[in-house]
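Analysis of the macromolecular model
Letter by letter, the chains look like this.
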Amino acid sequence: MLEIDTRPVVLDQFTVDETGRAGRRPRGVVYPVTVDDVVTVVDWAREHRTPLIARGAGTSLEGHLLARGDELILDFTQADKILDISPGDFTATVQPGVSRTRLNAAAAEFGLQFTVDPGADASLGGMAATNASGTTTVRYGGMRANVLALQAVFADGTVTRIGRAVRKSSSGYDLKDLLIGSAGTLGIITELTVKLHPIPEWIHSLRISFPTVADAVDTAVEMLGAALPVSRLELVDAPSMAAINMFRGTAYAETPALFIDIESGSSAAVAANEQEIGRIAAAHDAIEVVTARTHGDRHALWEDRHNLYFAVKASNPGCRFMITDTAVPYSRIAGAVETATRLGAELGLNITVAGHIGDGNVHTIVPYTESEYEAAQRFSDLVVRHALEVGGTATGEHGIGLAKKKYLREEHGAAVDLMAAVKRALDPLGLLNPGKVLDVNPGNPLPNGS
Ligand SMILES: Cc1cc2nc3c(=O)[nH]c(=O)nc-3n(C[C@H](O)[C@H](O)[C@H](O)COP(=O)(O)OP(=O)(O)OC[C@H]3O[C@@H](n4cnc5c(N)ncnc54)[C@H](O)[C@@H]3O)c2cc1C
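In this text the structure is predicted, and so the values were computed from the model without any measurement.

Considering the domain arrangement of the chain
- Here the domain parsing of the chain yields domain 1 (8-77), domain 2 (79-198), domain 3 (202-309) and domain 4 (316-409).
- Put simply, the middle of domain 2 and the middle of domain 3, counted by C-alpha atoms, are 29 Å apart.
- Contact residues are listed per partner, giving six residues for domain 2 and nine residues for domain 3.
- Among the residues of domain 2 in contact with domain 3, Thr135, Val138 and Arg139 are the three that bury the most area, contributing 70% of the side total.

Focus: the sheet that holds strand β2 (residues 52-55)
- The parallel open sheet is built from three strands, whose spatial order is β1-β3-β2. Edge strands, defined here as strands with exactly one partner in the open sheet, are β1 (28-30) and β2. Looking at each pair of strands side by side, their axes are set apart by 25° on average, direction ignored.
- Strand direction decides the pairing type here: β2 and strand β3 (residues 72-75), joined by four bridges, are parallel. By the bridge assignment, Leu52 is partnered in β3 with Leu72.
- Contacting β1, β2 and β3, helix α2 (residues 35-47) runs over the sheet at an angle of about 170° to β3.

What to know about the pattern of salt bridges
- Within the structure shown, the criterion is met by 24 salt bridges.
- Here Asp17 makes a salt bridge to Arg21, at a shortest N to O gap of 3.5 Å.
- By relative accessible area, which is 10% here, Asp17 ends up buried.
- Overall, Arg21 belongs to the partly exposed group, its relative accessible area being 21%.
- Between Arg385 and Glu410 there is a salt bridge whose closest N-O contact spans 2.3 Å. With Arg385 in helix α14 (residues 373-389) and Glu410 in helix α15 (residues 408-412), the pair connects residues that are 25 residues apart, well separated along the chain.
- Accessibility expressed as a relative area gives 27% for Arg385, which makes it partly exposed.
- Residue classification places Glu410 among the partly exposed positions, given a relative accessible area of 47%.
- Connected through shared salt-bridge partners, Arg100, Asp117, Arg232, Asp261 and Arg298 make up one network.

Conventions we followed
Residues numbered from 1 in each chain as written. Predicted model: local features only at pLDDT ≥ 70, side-chain atom pairs only at ≥ 80, totals over all residues. Heavy atoms only, no water. Domains from an automatic or database assignment. Contact = heavy atoms within 4.5 Å. Buried area = accessible area lost by both parts, 1.4 Å probe. Pairing = 2+ DSSP bridges. Helix = DSSP H or I, 4+ residues; strand = E, 2+ residues; numbered from the N terminus. Axes fitted to C-alpha atoms, helices over the stretch in contact; angles between N-to-C directions. Salt bridge = Lys/Arg side-chain N within 4 Å of Asp/Glu carboxyl O. Buried < 20%, exposed > 50% of the residue type's maximum accessible area, 1.4 Å probe, protein only.

Laid out in structure tokens, this is it:
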């Protein structure tokens, strides 16, 4: 068995997640490097009836990693080898602890990129386990679309390869996509083969400001309807722009805005697309269109958007943060943003709204003090219920974890029983991340009662 680190000073680092939610001190932490290490730990855990929580970069937002006290943390930060880059196949094979930025840096040497971008520098294993997506999903898809094959260790200690490194397959049940998004509750991912994509020769970025959210949303949907080659399409509201101005020292219009990338293989095509976007935006009363065409200018434009979370944090000192993550049909996006803004005002919360609008994914960032905790919870609940009412989902990309479990049946109905049957079949002793996603073998309650 690997050495188990049980020093309280180390374990205390695993008691709080990125959003400040608290769990208990876990029993210990181990750092596997190879698949054999993982098998050893899983076999030991089964023998000692000790639950396991796999951990990547620790950036998840829904309490996925919180411990009830008896778990062993399987920390993958040392399983971080890029095993292969195959430029001819446009694929890479990595260990689960490899971060997306490190893979991207290595792929760039071959003119290739790994496109899934959740903002945070997450690990490939954690990203697969949450079915992460982000700014580029509108063009390239999320983790399910970009992972071709996996190696996983199951609760009985078997090592299984799932999927093939090919662009399509109709073979058998799709266990790869079952494991992706399962939050470490069905198996431990020990290797991934992912798609790489050519870095386009021509990319232009735009920031367009609008008088209202509805104008911005209408522009976005019309651009999608015109089949423009958009590879990023992000919405931020007026309070988000104010936070960005304060954090970055800029003086942009503090109105709703779209951040956009368009890409193409030719300069003429990208210029024509840029012109067409300008025309659509003007028809929706755009206030200002800023275009970035060089690498440096594009980088600066996107730095503003990528720093939004940190800008909101800086604007709300002493607060904790909740992030909602609903996704709704395109026709419901403007309504979802309006509803969130109204609810925030009614509950006296200083919320900001931003979203991967090309995927209908609407985030709100909710700063709250201790005395505002109940209001923030109520806000999050009402936002999710609104999304479910209009045919959306409680979580577009962050996952169910602990925090969104209560919506699972409302969203999926009897399919939740099938999910529970799958969990029992693959993990009959309830050893893998117990109490997350589903309440099968939930064990002791967490301090917050989840
Ligand atoms: C500022 C900020 C912005 C964010 N923006 C986005 C966004 O745009 N899109 C998005 O999707 N997410 C976003 N997130 C959330 C987070 O980055 C993602 O959920 C990410 O995929 C988590 O990866 P991780 O390596 O940090 O995983 P962790 O947080 O370490 O783990 C997440 C889950 O995966 C499981 N897991 C980890 N490794 C393995 C493994 N090897 N095998 C099996 N299970 C495993 C864990 O048990 C846990 O359930 C954001 C987070 C922050 C802080």
